Structure formats: structure tokens, C-alpha cells
Amino acid sequence: MDKSIDKAVADLGRNIGEYIREQRNTAKISLRELAKQAGVSNPYLSQIERGLRKPSAEILQQIAKGLRISAEVLYVEAGILQQREGGALADAIVAATDLTERQKQVLLDVYESFRRENTATDKED
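In this report, the structure presented in the accompanying data block is examined. (Residues numbered from 1 in each chain as written. Predicted model: local features only at pLDDT ≥ 70, side-chain atom pairs only at ≥ 80, totals over all residues. Heavy atoms only, no water.)

**Digging into the pattern of salt bridges**
Then comes step 1: Scanning the entire structure with this criterion turns up four salt bridges.
Then comes step 2: We note a salt bridge from Glu 49 to Arg 24, for which the minimum N-O separation is 2.6 Å. Separated by 25 residues along the polypeptide, Glu 49 in helix H3 (residues 42-49) and Arg 24 in helix H1 (residues 2-26) bring together distant segments of the chain.
Then comes step 3: The class of Arg 24 is buried, set by a relative accessible area of 10%.
Then comes step 4: Between Glu 112 and Arg 115 there is a salt bridge, with its nearest N and O atoms 3.3 Å apart. Placement of both Glu 112 and Arg 115 in helix H7 (residues 101-124) is noted, with a separation of three residues, approximately one turn of the helix.
Then comes step 5: Ionic contacts of the salt-bridge type, sharing partners, join the residues Arg 21, Arg 24 and Glu 49 into one network. (Salt bridge = Lys/Arg side-chain N within 4 Å of Asp/Glu carboxyl O. Helix = DSSP H or I, 4+ residues; strand = E, 2+ residues; numbered from the N terminus. Buried < 20%, exposed > 50% of the residue type's maximum accessible area, 1.4 Å probe, protein only.)

**Considerations on the nonpolar core**
Then comes step 1: Membership of the largest hydrophobic core comes to 25 residues, with the highest contact counts inside it found for Ile 20, Leu 34, Leu 45, Leu 60, Ile 63, Leu 67 and Leu 74.
Then comes step 2: When contributions to this core are tallied by element, the ones reaching two or more residues are H1, helix H2 (31-38), H3, helix H4 (57-67), helix H5 (71-78) and helix H6 (87-95). (Core = buried A, V, L, I, M, F, W, Y, C linked by side-chain atoms within 4.5 Å.)

Nothing here speaks to function; it is all geometry.
What follows is the structure in C-alpha cells.
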């Protein structure tokens, strides 16, 4: 049983590492540049990307800032947060690089309020 838990934790580390590498390559940022922007060493970031280390929430936040993506996206990929309900629209808002974190949160709050209102209306009918 313990080995399956260890494997699951290792898989989470590998998955977040792969995701970070994909995002870094998409953004055309070198490992060295992202490490500098995130305030971590090159070897540490390389170990994260290869799934040898599982980064803390704080390190993920720094990496997200360097990648110019929402920290929430990395938290979900790392298994720290559950994926937000709302599907593709919520995901697009979270992933938008041209919005501030505050703007993203306001849009998500408005969207969620509409969803709750429509759910309540559907139950009345």
C-alpha cells in the first residue's frame, strides 16, 4: 500500500514537472531564464521538470510568475487544488496572460454568480 502511495506522489511530481517544461517550451523560455525569474537554481528547476523533486506551493507560485501563467493552474496540475468548475471558460480566464489576477478573480466570480442563478432558476421550473 505504501508503495502505491509513493508511486502516486512520484507521478504527481513527474506530471507537474512535465507540465512546467511544456509551458516553458511553449513560452520559449530557457531553463536558466525561468530559474532566474523564479528565484530557484538551475539544477533544482531541472529536477522539478524531470519529476525528481515536488515543488512547494510557494515555488510553484514563483514558477507561475516566471511563466506568466496563473499559479492556480500549476496548483491544479500539482494536485494542490481541485480543478475549478466552469469548464473551458473558467480555464480560459485563468490562463489569460493579459489579465491581472484581480481581473481574473472578478470575471470568475461574475461567471459563477450567473451559473448559480441559472441553476436556481432551473430548479424552480
